[in-house]
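Structural overview for review
The lines below spell out each chain.
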Amino acid sequence: MLLLGNITSNYNLSLSKRDLAYVVRNTNVVINSGALVKHFGLKKDFEDANVLGTENVVAFCKKYGKRLLHISTVSVSGNGEKEEEIDLDPNNLSNKKVFTENNLYIGQDLKNIYGITKFKGEIAVLEAIYDGLDAQILRLGNITNRYSDGAFQKNINDNAFAKRLKAYMEIGAFPKYTLGHELELTPVDLASKAIIKILNHKSDCNMFHIMDPKLLPIPMLIHTSNELGADIIPVSNQMMSDIITGILDDNKRKELVSGIINDLNKDKKLVYTSSIRLNCDFTENYLKIVGFRWKKIDKNYIIKYMNYFKKIGFINFT
């Protein structure tokens, strides 16, 4: 049954009297996945959806005695959307702060408006938990295409990772140094199953990191994509910078780099580094106990992933 409301409204979420009565009578758990998840836009829009909206849902759950599952993001760690690439250099890993399910603020630098407002939303939920609300926060990782068939969200151009991948495909090059990195890809259907497992098992745990710990080596992604018809080659940082500079100087081609423009530093070099390292060991062990295990992210998944993007015309290669 579909009921229309508005989480930015502090008056019963704008539900009609009849709909409100139905929800109060027939609902035990509220899953708050309402959010503005773009990585750009007006500050007020983000504040309304991700902070005020969360505060209103929290107030609703407290008023009517409902359990709350609040969907958040690992971007509150401060590494934003760039750290889908995990640097495997042991020397670099040892210098990073670890961000676990026990952490909220460890000195991370929050600059992205999406991450900032989701961080504020978490504070609202945690304060309510302290006051007695039965609630869990689920921080989602890099949500990607369904594991089952490769299908993905309709508004794909709002997805930062997909647009980044598209940019590299269309440019035909990527930074060579990332060959030593791995990607965190969390298929949306597996993430939803993990959430349902947590929903169905009551516990005193209040924070989870819903992200697939089985990382994908970037060389496998590039090799598989090239087998499917892409033509992407690794190049030096300077070469990549020169390519991007040339594209930006051509008004007809600027759109090619729209997916990576926010990843550039002042020297027009791509930076995929962070002082924060995400950890999901607690959640992984918890999910095993309640009967959920992540599936392997491998070549077969990448084929489904890419074939879907080709099918809808999002990425074009022979």
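It should be emphasised that the depicted structure is a prediction, and the values quoted were computed from it without experimental measurement.

Time to look at the packing of helix H2 (residues 43-64) against helix H4 (residues 113-130). H4 packs onto H2 with a crossing angle of 15° between their chain directions and a minimal axis gap of 9 Å. In terms of orientation, H2 lies roughly parallel with respect to H4. In the packing of H2 onto H4, the handedness of the crossing is right-handed. Contacts between H2 and H4 involve Lys43, Phe46, Glu47, Asn50, Val51, Thr54, Glu55, Val58 and Lys62 from the former and Ile113, Tyr114, Thr117, Lys118, Lys120, Gly121, Ala124, Val125 and Ala128 from the latter. For the contact of H2 with H4, a count of residues per class yields 8 nonpolar, 4 polar and 6 charged.

Take helix H5 (residues 160-171) next. Across its 12 residues, H5 extends 17 Å between first and last C-alpha, which sits within 8% of the 16 Å expected from 1.5 Å per residue. Taken as a whole, H5 has its buried residues at Phe161, Ala162, Lys163, Arg164, Leu165, Lys166, Ala167, Tyr168, Met169 and Ile171. Each element contacted by the buried residues of H5 is listed here: strand E6 (143-144), strand E7 (173-175), strand E8 (181-183), helix H7 (218-227), helix H8 (237-248) and helix H10 (299-311). A distance of 3.2 Å separates the backbone nitrogen of Phe161 from a side-chain oxygen at the start of H5, and that oxygen is part of Asn159. Just past H5, the residue Gly172 takes up positive phi, approximately 85°.

Residue position: Gly115 is located in helix H4. Taking C-alpha positions, Gly115 is 32 Å from Met1, a pair spaced 114 residues apart along the chain. Excluding residues that lie within four positions of it along the chain, Gly115 makes contacts with Ser75, Val76 and Leu110.

The next thing to look at is the sheet that holds strand E5 (residues 135-140). Taken in spatial order, the 4 strands line up as E1-E2-E5-E10 in an open sheet, and their pairing is parallel. In this open sheet, the two edge strands, each paired with only one partner strand, are strand E1 (29-32) and strand E10 (207-210). With direction set aside, neighbouring strand axes in the sheet form an average angle of 20°. In this structure, E1 lies alongside strand E2 (residues 67-73), joined through 4 bridges in parallel fashion.

What counts as what
- Residues numbered from 1 in each chain as written.
- Predicted model: local features only at pLDDT ≥ 70, side-chain atom pairs only at ≥ 80, totals over all residues.
- Heavy atoms only, no water.
- Axes fitted to C-alpha atoms, helices over the stretch in contact; angles between N-to-C directions.
- Helix = DSSP H or I, 4+ residues; strand = E, 2+ residues; numbered from the N terminus.
- Parallel < 35°, antiparallel > 145°, perpendicular 65-115°, else oblique.
- Left-handed = near helix turned anticlockwise from the far one by under 90°.
- Contact = heavy atoms within 4.5 Å.
- Nonpolar A, V, L, I, M, F, W, Y, C, P; charged D, E, K, R; others polar.
- Expected span 1.5 Å × (residues − 1).
- Buried < 20%, exposed > 50% of the residue type's maximum accessible area, 1.4 Å probe, protein only.
- Polar contact = N/O pair within 3.5 Å; in protein donor to acceptor, adjacent residues only side chain to side chain.
- Pairing = 2+ DSSP bridges.

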